[in-house]
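Residues per chain, in single letters:
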Amino acid sequence: MIGILSVLVALLAQVMLVNRVPLPAGGAPDLVLLTVVGTALARGPAFGATLGFFAGLLVDIMPPTAHLVGEYAFVLALVGYVAGRGAGGPVTTVVLCVLMAPLLAAAVGGLISDPRVTLSTLTEQVPVTVVYTLLVSPIVIWLTTRSRQPRYLT
């Protein structure tokens with residue numbers, strides 16, 4: 001229940017606050033991605049994949065959206081599973097998932113011929129988004145894992 005509420009709060013904060021702040025280079029951190037990663041770190045791969053899928057569906061239907069419904073649900077489900085499995089430790093897992101999500105989204109968009117996926121998007125927007133997301137990640141990961149003992153320490 002806390003994971004679902006965390007995703008809803010992150011989605012509302014993303015749409016109402018973060019996306020409206022004009023940051024340098026035009027990027028914005030992805031709070032929903034970080035919330036899914038943090039919750040999956042604490043709860044495991046099955047819960048992470050399920051939460052990622054439903055969080056992705058919410059992102060897909062939340063305006064302003066310009067992609068097919070299910071595209072980001074697939075990406076966040078895979079990211080939630082990978083985060084729940086862990087990749088050597090919490091920091092490595094967060095960095096891997098933050099790097100994997102936009103590249104996987106671009107790959108899925110390329111497979112379905114999304115006109116927004118171009119070489120300039122991959123070389124200009126994706127690196128900026130990754131950097132902003134990594135800068136915000138310690139705060140969001142701490143907020144999502146502080147109420148429960150992380151699974152990777154057991």
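What counts and how
Residues numbered from 1 in each chain as written. Predicted model: local features only at pLDDT ≥ 70, side-chain atom pairs only at ≥ 80, totals over all residues. Heavy atoms only, no water. Phe/Tyr/Trp six-rings, centres within 6.5 Å; stacked < 30°, edge-to-face > 60°. Lys NZ or Arg CZ within 6 Å of the ring centre and 35° of its normal. Patch = residues over 30% accessible without salt bridge, like charges linked within 9 Å, V, L, I, M, F, W, Y side chains within 5 Å. Areas by Shrake-Rupley, 256 points an atom, 1.4 Å probe, with all protein chains shown as cover. Salt bridge = Lys/Arg side-chain N within 4 Å of Asp/Glu carboxyl O. Helix = DSSP H or I, 4+ residues; strand = E, 2+ residues; numbered from the N terminus. Buried < 20%, exposed > 50% of the residue type's maximum accessible area, 1.4 Å probe, protein only. Contact = heavy atoms within 4.5 Å. Polar contact = N/O pair within 3.5 Å; in protein donor to acceptor, adjacent residues only side chain to side chain. Expected span 1.5 Å × (residues − 1). Core = buried A, V, L, I, M, F, W, Y, C linked by side-chain atoms within 4.5 Å. pLDDT = per-residue confidence, 0-100.

1. With respect to the packing of aromatic side chains
Using the criterion set out here, one finds one aromatic pair in the structure. The ring of Phe-47 carries the charged tip of Arg-43 above its face, separated from the ring centre by 4.1 Å.

2. Quick look at a nonpolar patch on the surface
Taken together, the side chains of Met-1, Ile-2, Ile-4, Leu-5 and Leu-8 present a nonpolar region at the surface, about 500 Å² in accessible area. Locating Leu-8 in the fold gives a position in helix 1 (residues 2-16). By relative accessible area, Leu-8 is classed as partly exposed at 36%.

3. Examining the environment of Tyr-132
Residue position: Tyr-132 is located in helix 6 (residues 119-145). On a C-alpha basis, the gap between Tyr-132 and Thr-118 in space is 21 Å, while along the polypeptide they are 14 residues apart. In this structure, Tyr-132 is in contact with Leu-23, Pro-24, Gly-27, Ala-28 and Pro-29, ignoring residues within four places of it in sequence. Polar contacts involving the side chain of Tyr-132 include one to the main-chain carbonyl oxygen of Pro-24, which spans 2.5 Å.

4. Description of the side chain of Ser-137
By secondary structure assignment, the location of Ser-137 is in helix 6. Discounting chain neighbours no more than four positions away, the residues touching Ser-137 are Leu-34 and Val-94.

5. Thoughts on helix 5 (residues 90-111)
Given a rise of 1.5 Å per residue, 22 residues ought to cover 32 Å, and the 31 Å separating the end C-alpha atoms of helix 5 matches this to within 8%. For helix 5, the full list of buried residues reads Thr-93, Val-94, Cys-97, Val-98, Ala-101, Pro-102, Ala-105, Ala-106, Val-108 and Gly-109. On its buried face, helix 5 is in contact with helix 2 (31-43), helix 4 (71-85) and helix 6. Positive backbone phi, at 60°, marks Ser-113, one or two positions downstream of helix 5.

6. Focus: the nonpolar core
Residues Val-32, Leu-33, Val-37, Val-75, Val-79 and Val-94 are the most contacted members of the largest nonpolar core, which totals 31 residues. Those elements that place two or more of their residues in this core are helix 1, helix 2, helix 3 (45-61), helix 4, helix 5 and helix 6. It is helix 2 that provides the largest number of residues to this core, a total of eight residues. If near-sequence neighbours (up to four positions away) are discounted, Val-79 is found in contact with Leu-33, Val-37, Cys-97, Met-100 and Ala-101.

7. A short note on unusual backbone geometry
Even without glycine at this site, Ala-25 takes up a positive phi of about 70°. One can find Ala-25 in the loop between helix 1 and helix 2.

8. A closer look at the confidence of the model for the protein
Atom-level detail of predicted coordinates should not be read off regions where pLDDT is low. Averaged over all residues, the pLDDT of the protein is 86; the fraction at 70 or higher stands at 94%. Summarising per-element confidence for the protein, the mean pLDDT is lowest in helix 6 (87) and highest in helix 4 (94).

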